[in-house]
Amino acid sequence: VQAVFRSNLSHLLELMGSGKESLIFMKKRTKRLTAQWVLAAQRLARKLGSVWRDQKQILVHIGFLTEESGDVFSPRVLKGGPLGEMVQWADILATLYILGHGLRITVSLKELQSNLGVPPGRGNCPLTMPLPFDLIYTDYHGLQQMKQHMGLSFKKYRCRIRVIDTFGTEPAYNHEEYATLHGYRTNWGYWNLNPKQFMTMFPHTPDNSFMGFVSEELNETEKQLIKGSKASNMAVVYGKEASIWKGKEKFLGILNKYMEIHGTVYYESQRPPEVPAFVKNHGLLPQPEFQQLLRKAKLFIGFGFPYEGPAPLEAIANGCVFLQSRFSPPHSSLNHEFFRGKPTSREVFSQHPYAENFIGKPHVWTVDYNNSEEFEAAIKAIMRTQVDPYLPYEYTCEGMLERIHAYIQHQDFCAAPGPAPPGARAPLSPFVLAPNATHLEWTQNASFAPGAWPPAHSLRAWLATAGRACTDACLDHGLICEPSFFPFLNSQDAFQKLQVPCDSTESEMNHLYPAFAQPGHECFLQKEPLLFSCAGSSTKYHRLCPCRDFRKGQVALCQDCL
Ligand code: UDP
């Protein structure tokens, strides 16, 4: 059946149910954004033209909202607790619904069981039931519940599952045996899924799929209006919880010399003691009022926490400059409580790396807060700069619809594994060494991987310098790492074409392979396809990296990916 774009969201609002504070927050958001979603769908429909879109039957099981997993978030919605997850789930639901797919939503174990056809009270059902869904979107909590209650079906249908995973899961943590043997075992990882089945809030590592969320977009008239009415001396502090203000007196004192400071910190009856008296605290605001506050403000300032949330994008979209601290040394699961136990070794160099790396100046200033002069100079400079409201395309409604459309139509993790068994020589070499360069390109006449997505001709393979991860090596060349291309490179032929002097070649399990070790002129191939990883580096290895191009403002999609 062909999927048809929907423009009336009232049925979706019904499907979302009611009762919980979290659901109320999500529904309000969806209602408020309806006009934007509808307009975006019209634009995307025009862009896609007559392309066929399969209608999928989709189950969305929001595990963290179930009582069975404790539902710690719902009671905190009105008390300054994290809202980023709810923003994202609301936008995922809107996207799937507007794209025209069949949708079921569950927020309790009972509803999950009845939708999966598991008789309640049966516990671990031993039978393989036919699954009435093509796709299931859930989170780590939901994944655990499905494993417990789907019996053998879980194994059979796990390839249809997508896991919404804010900070991401790197391949080394996902592979059970490897994680256990090499110290990558955490509370969350080791599911042996295809790493692309994990979907993140920001494009952290291309090993996972970038799901994202949306921020409200302004039209030209609104942009002009906002620019004209900015108070150049008004700052809003990032963070709804009082604890983030602790120990920040020095910075607040400096900031207070130049600007009027506003906060949206939740409080019960009196001012939280961490928030100084010169701050105008509005208490936790409803989302639309928070947006209004951002429209007036010149500066949105972060003090290091929360990490990587939606609010800085909203601030920048409303014409604020975002000022944040550089982390040196970077924060990661190795040295910071917040990231400890998360299935990633990603190093976080500032409070919001996406804002720093994908947006940057003049919208984003990342400075060393330990250096008071640098901090003060940044504030003064920001007060003098004029910036336009800015929202990257991938965070607009159209961008999110486009990206998820592409995933739904092209990502298939149930199909038999890709070509080129590890270590094998391809019968016909699909590569050429690019002229005057040191990277490999796909040959024009290579019919080696028909139907691959992203299409194989967008592959550009580079040998990274020692110690460089493929994520970074590709970015160095203005490209993005594409893990689904690893199988094409995992051969002696690829090394040979790159003129790498291999004295020996071995095939082993290591998330850094394929790679070349300079000292012994050894080449290593990857033995376990699940361990292909863009993330990760070691000074011992030059990694062989599969890169590809990407669309401007839509890093998840290559030029020919739509
Ligand atoms: N927000 C809000 N009221 C406020 C402050 C923030 O509704 O007073 C919203 C904001 O619009 C954003 C969401 O909270 O979409 C999540 O913000 P944040 O970046 O702080 O991420 P979190 O840590 O909550 O996941």
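Scroll up to find the structure this text is about.
In this report, the structure presented in the accompanying data block is examined. (Residues numbered from 1 in each chain as written. Predicted model: local features only at pLDDT ≥ 70, side-chain atom pairs only at ≥ 80, totals over all residues. Heavy atoms only, no water.)

Things to note about the pattern of salt bridges
Side-chain pairs of opposite charge can arise whenever the charged atoms involved come near each other.
At step 1: All chains considered together, the criterion is met by 16 salt bridges.
At step 2: For K20, the salt bridge goes to E67, with nearest N and O atoms at 2.7 Å. You can see K20 sitting in the loop between α1 (10–15) and α2 (21–48) and its partner E67 sitting in the loop between β1 (57–61) and α3 (84–98), a full 47 residues away along the chain.
At step 3: Assessed through its relative accessible area of 16%, K20 is described here as buried.
At step 4: Put simply, R43 and E398 hold a salt bridge, and the shortest N to O gap is 3.5 Å. In this pair, R43 is assigned in helix α2 and E398 in helix α15 (residues 397–410), connecting sequence segments 355 residues apart.
At step 5: On the basis of relative accessibility, which here comes to 33%, the residue R43 falls in the partly exposed class.
At step 6: Since its relative accessible area comes to 10%, E398 is described here as buried.
At step 7: Each of K20, E67 and D71 takes part in one network of salt bridges that share partners. (Salt bridge = Lys/Arg side-chain N within 4 Å of Asp/Glu carboxyl O. Helix = DSSP H or I, 4+ residues; strand = E, 2+ residues; numbered from the N terminus. Buried < 20%, exposed > 50% of the residue type's maximum accessible area, 1.4 Å probe, protein only.)

Concerning unusual backbone geometry
At step 1: Along the chain, F305 connects to P306 via a cis peptide bond; the corresponding omega equals 0°.
At step 2: Turning to its location among the elements, P306 is positioned in the loop between β10 (299–301) and α12 (311–317).
At step 3: In this structure, the amide linkage connecting K361 to the following residue, P362, adopts the cis form with an omega of 5°.
At step 4: Mapped onto the elements of the fold, P362 is located in the loop between α13 (353–359) and β13 (364–367).
At step 5: A positive phi angle, close to 50°, is found at E308, a residue other than glycine.
At step 6: As for its placement among the helices and strands, E308 is situated in the loop between β10 and α12.
At step 7: Classification of E308 by relative accessible area gives buried; the value is 4%.

Observations regarding the sheet that holds strand β2 (residues 102–106)
At step 1: Taken in spatial order, the six strands line up as β2-β1-β3-β4-β5-β6 in an open sheet, and their pairing is parallel. Single-partner strands in this sheet number two, and they are β2 and β6 (209–210).
At step 2: Sheet topology note: the strand β3 (residues 135–138)/strand β4 (residues 161–164) ladder contains three bridges and is parallel. Note that in β4 the partner of Y137 across the bridge is R162.
At step 3: Of the strands in this sheet, β1, β2, β3, β4 and β5 (198–200) touch α3, which is tilted by about 170° from β1. (Pairing = 2+ DSSP bridges. Contact = heavy atoms within 4.5 Å. Axes fitted to C-alpha atoms, helices over the stretch in contact; angles between N-to-C directions.)

Here we look at the state of the cysteines
At step 1: The tally for this structure, following the rule as stated, stands at six disulfides.
At step 2: Between the sulfur atoms of C474 and its disulfide mate C547 the distance is 2.1 Å. Sign of the S-S torsion, about -80° for the bond between C474 and C547, identifies this disulfide as left-handed. Linking C474 in helix α16 (residues 470–476) with C547 in strand β21 (residues 542–548), this pair joins segments that are 73 residues apart in sequence. For the pair formed by C474 and C547, the shared burial category is buried. (Disulfide = S-S within 2.5 Å.)

Description of empty space enclosed by the protein
At step 1: This structure, assessed with the given rule, holds one cavity of 30 Å³ or more.
At step 2: When its volume is computed, the largest cavity comes out at roughly 40 Å³.
At step 3: Every residue along the wall of the largest cavity is listed here: L116, V118, M129, P130, L131, M150, S153 and Y157. (1 Å grid on protein atoms, 1.4 Å probe; cavity = no way out; pocket = protein on both sides within 12 Å on 5 of 7 lines; lining within 4 Å. Points joined across faces, edges and corners; volume = space filled by probe spheres on them.)

Here we look at the nonpolar core
At step 1: With 81 residues, the main nonpolar core has M26, W37, Y137 and F300 as its most contacted residues.
At step 2: Top element by residues in this core is α3. It accounts for ten residues.
At step 3: For M26, the contacting residues outside a window of four places in its chain are M16, I62, L65, M86, W89, A90 and L93.
At step 4: If you look at the next biggest cluster of nonpolar residues, it comprises 28 residues, including V237, M259, V279 and A378. (Core = buried A, V, L, I, M, F, W, Y, C linked by side-chain atoms within 4.5 Å.)

A short note on the site of the ligand
At step 1: L83, Y238, K240, L285 and E314 are the nearest of the 17 residues found near the ligand.
At step 2: Take T264: an N or O atom from its side chain is 3.3 Å from an oxygen atom of the ligand.
At step 3: Between the ligand and P310 there is a distance of 3.2 Å, counted from an oxygen atom to a backbone nitrogen or oxygen.
At step 4: The fraction of the free accessible surface of the ligand (540 Å²) that becomes covered by protein chains is 95%.
At step 5: Of all the secondary-structure elements, those providing two or more residues to the shell around the ligand are α3, α11 (287–296) and α12.
At step 6: Tallying contributions element by element places α11 first for the shell around the ligand, with three residues. (Near = heavy atom within 4 Å. Polar contact = N/O pair within 3.5 Å; in protein donor to acceptor, adjacent residues only side chain to side chain. Areas by Shrake-Rupley, 256 points an atom, 1.4 Å probe, with all protein chains shown as cover.)

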